[in-house]
Amino acid sequence: MLRYGKIGGGLVALALLTGLVAAPPASADPSAALAGNVLTYPTAGGTAVAVNDVIQASLKTGTNATFYNSTSGTTGIKCAASAFSAKVLTNPTAPGTATESLTAQSFGTCTTNVFGTTGVQSITLNNLPYATSVTSAGVVKITGTAAAPIQSTVVLNSLLGTVNCVYRTSTNSLTGAAVNATNSIVFTNQPLTKFSGSALCFGTAYFSATYSPVRDSTKGNAAVYVN
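Anyway, here's the lowdown on the structure attached to this text. (Residues numbered from 1 in each chain as written. Predicted model: local features only at pLDDT ≥ 70, side-chain atom pairs only at ≥ 80, totals over all residues. Heavy atoms only, no water.)

1. Comments concerning the overall build of the protein chain
Tallying secondary structure elements over the protein chain gives zero helices and 18 strands in all. The buried share among the 227 residues of the protein chain stands at 48%. Of the roughly 9300 Å² of accessible surface on the protein chain, 56% is carried by carbon and sulfur atoms. (Helix = DSSP H or I, 4+ residues; strand = E, 2+ residues; numbered from the N terminus. Buried < 20%, exposed > 50% of the residue type's maximum accessible area, 1.4 Å probe, protein only. Areas by Shrake-Rupley, 256 points an atom, 1.4 Å probe, with all protein chains shown as cover.)

2. Points about the pairing of strand β6 (residues 76-90)
The pairing of strand β4 (residues 54-58) with β6 spans five bridges and is antiparallel. By the bridge assignment for β6, Q56 is matched with S85. As paired strands, strand β5 (residues 65-68) and β6 are joined by four bridges and run antiparallel to one another. The residue bridging A65 from the neighbouring strand is C79, located in β6. Two elements, β6 and strand β7 (residues 97-112), share 12 bridges in a ladder whose sense is antiparallel. (Pairing = 2+ DSSP bridges.)

3. With respect to unusual backbone geometry
Residue P42 is reached from Y41 by a cis peptide bond, and omega for that bond is -15°. Mapped onto the fold, P42 is located in the loop between β2 (39-41) and β3 (47-48). Following A94, the chain continues into P95 via a peptide bond in cis, with omega recorded as -5°. With phi around 50°, N189 is a residue other than glycine that occupies positive phi space. Note on placement: N189 falls in strand β14 (residues 184-197). Overall, the relative accessible area of 26% leaves N189 in the partly exposed class.

4. Concerning the state of the cysteines
Across all of its chains, the model carries two disulfides by this definition. Disulfide pairing is shown between C79 and C110; the S-S distance is 2.0 Å. Measuring handedness by torsion sign, the sulfur bridge of C79 and C110 sits at about 105° and is right-handed. One end of the pair, C79, is in strand β6; the other, C110, is in strand β7, and 31 residues separate them in sequence. Accessibility classification places C79 together with C110 in one group, the buried group. (Disulfide = S-S within 2.5 Å.)

5. With respect to the nonpolar core
Counting residues in hydrophobic clusters, the biggest one holds 48 residues, and the most contacted among them are L39, I77, F107, I123, F207 and Y211. When residues of this core are assigned to their parent elements, the largest contribution, five residues, is made by β6. (Core = buried A, V, L, I, M, F, W, Y, C linked by side-chain atoms within 4.5 Å.)

6. What about the packing of aromatic side chains?
Per the stated rule, a full pass over the model turns up six aromatic pairs. Centroid distance F107 to F207: 6.2 Å. Interplanar angle 85°. Geometry classified as edge-to-face. In this pair, F107 sits in strand β7 while F207 sits in strand β15 (residues 204-211), placing the two residues 100 residues apart along the sequence. F207 sits in the buried class, given a relative accessible area of 0%. Here the aromatic rings of F187 and F207 are separated by 5.9 Å at their centres, their planes lie at 40°, and the arrangement is tilted. Note that F187 is positioned in strand β14 and F207 in strand β15, a separation of 20 residues in sequence. Accessibility expressed as a relative area gives 1% for F187, which makes it buried. One residue, R168, lies across the ring of F195, its end atom 3.8 Å from the ring centre. (Phe/Tyr/Trp six-rings, centres within 6.5 Å; stacked < 30°, edge-to-face > 60°. Lys NZ or Arg CZ within 6 Å of the ring centre and 35° of its normal.)

7. Points about the pattern of salt bridges
This model, assessed by the stated rule, comprises one salt bridge. Of the charged contacts, one joins K219 and D53 as a salt bridge, the two residues approaching to 2.7 Å between their closest N and O atoms. One end of the pair, K219, is in the loop between β16 (215-216) and β17 (222-223); the other, D53, is in the loop between β3 and β4, and 166 residues separate them in sequence. Given a relative accessible area of 29%, K219 falls into the partly exposed group. The class for D53 is buried, based on a relative accessible area of 4%. (Salt bridge = Lys/Arg side-chain N within 4 Å of Asp/Glu carboxyl O.)

8. Topic: the sheet that holds β3
Pairing within the open sheet is antiparallel, and its three strands lie in the order β3-β2-β18. Looking at the sheet topology across the chains shown, the edges are occupied by β3 and β18 (225-226). Pairing geometry for β2 and β3, over two bridges, is antiparallel. From the neighbouring strand, T40 faces β3, where its bridge partner is A48.

Right under this line is the structure:
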């Protein structure tokens, strides 16, 4: 998961990081709301996703995970491959909030157009696992701790050698949206602040990615929905 500038990298993930898919439209008649648990498969209002099930997703076909130097720019890094894996911890009756543990987040096939850089060696999400929650309203939130903050390390090739850029979030969290209609989780312009690194590293990098389809790998890759 470009123009010239200083570089940014980072999450996901990040991710990424987690996952499930959005609630019924807010315009729906509440009296017609589907009963059941917050997370269900293989349909909205279907069978409850079980505790300890593993939910996984990769990037939506034809899209990239991007780390750009502004919310509207195209300077930075883009990755054609990214995926996450999360274990379900709780799945209460809807409406409510389900919780998960984001256990893995990866990025691959990444390129850079940042001035002075020639390639991307790796993008790594540090300090996993992260606590993750998803509400009946479709809000997905990934949260770190003081001892294990949300952090990503970007390793780049440059004209002068290897460059390491370390990023954290100012709120120690990332927020995404779960969307039932497209069976996806979407992160849009989530800001990552440089914690350490050279002048080539962006002061702020903005992470965007769409993960779809979101599946319960424990249940034969059945589609997961939020209620």
